[in-house]
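Structure at a glance
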Amino acid sequence: MTTELKKLPQHIGFIIDGNGRWAKERGWPRTKGHEHGVKNLDVIIKECFYGYGIPIVSIYAFSTENWNRPQTELDCLFKYFTKYLKVNDFVKKYPHVRLNIMGDYTKFPAELVKNAKAVIEATKDETQFILNLGINYSGQDELVRAVNLMLGEKLAPTVDRATLQKYLYTADQPLLDLVVRTSGEQRLSNFMLWQVSYAELYFPKIYWPAFGKKDLAQALLEYQSRDRRFGAITAQDA
Ligand code: FPP
């Protein structure tokens, strides 16, 4: 079976779960799982953009709740984010990609913030692909932020969906078509609550570091087999 190019998602999201458990199964420290998780993230992002031509990829890399982890694990994650966001490497690694960060990344260590700002600036005119990176991100916070921004602008007393959408991190982007959460957990954990409204959800029982290109192909095949009705009925049921 091959994936039919015309039915590919235009916006795919990944909740990259199970790095710690993957490492534990091998008797390794959790941080080793994150190290492999980062490597795999690069492989899967490239496959989405340059292999399949999917224009928008969203990643849940660090939630607002993840601050509760031990400092050693946080330091390790921050180190990986900082490295991943080195501007020269990023633009070489991901041609034609605009980086859009979801979440208040200014709360991270200074070097990480500096790198993130540099990549945002360097990629701001790219139009072919978008990488939405959720760090210090929460879907509920994103909605609260949007409401506060609207209040600040003293809009009319009522707003519609299109207006609210403009105040999200993903303003002007299509909603998610497919969300993949690895590790077998079947929940969204505050990931892109607005954008996920009509997304297909896929929960492979594979830890993130082991989720390979073949598993991505399987996820896309599964997506293509789903009957997306967006609340309507299909012609044969009418
Ligand atoms: C939660 O599960 C996953 C995370 C906290 C994300 C891990 C983040 C990375 C691997 C960094 C990648 C991102 C970039 C941009 C460099 P868990 O992995 O802690 O595993 P567990 O649920 O098995 O404990």
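Below: a short report on this structure. (Residues numbered from 1 in each chain as written. Predicted model: local features only at pLDDT ≥ 70, side-chain atom pairs only at ≥ 80, totals over all residues. Heavy atoms only, no water.)

Phi at Asp 172 is positive, roughly 70 degrees, even though this residue is not glycine. Along the chain, Asp 172 falls in the loop between helix H7 (161-165) and strand S5 (178-181). The exposed category is assigned to Asp 172, whose relative accessible area is 73%. Backbone geometry places Ser 183, a non-glycine residue, at a positive phi of 90 degrees. The topology assignment puts Ser 183 in the loop between S5 and strand S6 (200-202). (Helix = DSSP H or I, 4+ residues; strand = E, 2+ residues; numbered from the N terminus. Buried < 20%, exposed > 50% of the residue type's maximum accessible area, 1.4 Å probe, protein only.)

With that out of the way, let us pick up the pairing of strand S1 (residues 11-15). Counting buried residues in S1 gives 5 out of 5 residues, a clear majority hidden from the surface. Residues of S1 alternate between two faces, with His 11, Gly 13 and Ile 15 on one and Ile 12 and Phe 14 on the opposite face, all of them buried. Strand direction decides the pairing type here: S1 and strand S2 (residues 56-63), joined by 5 bridges, are parallel. Bridging across to S2, His 11 finds its partner in Ile 56. Strand direction decides the pairing type here: S1 and S5, joined by 4 bridges, are parallel. Bridging from a neighbouring strand, Phe 14 pairs with Val 180 of S5. (Pairing = 2+ DSSP bridges.)

Read across the sheet, 6 strands follow the order S3-S4-S2-S1-S5-S6 without closing on themselves; strand pairing throughout is parallel. Edge positions in the sheet fall to strand S3 (97-102) and S6, since each has one partner strand and no second. In this sheet, adjacent strand axes meet at a mean angle of 20 degrees when their direction is disregarded. (Axes fitted to C-alpha atoms, helices over the stretch in contact; angles between N-to-C directions.)

Right, let's get into the nonpolar core. Phe 14, Ile 59, Leu 131 and Ile 135 are the most contacted members of the largest nonpolar core, which has 45 residues in total. Those residues in contact with Leu 131 that sit more than four places away from it in its chain are Ile 45, Phe 49, Val 57, Ile 59, Tyr 84, Phe 90, Val 97, Arg 98, Leu 99 and Asn 100. By size, the runner-up hydrophobic cluster in this structure holds 11 residues, among which are Tyr 60, Met 102, Val 179 and Phe 191. (Core = buried A, V, L, I, M, F, W, Y, C linked by side-chain atoms within 4.5 Å. Contact = heavy atoms within 4.5 Å.)

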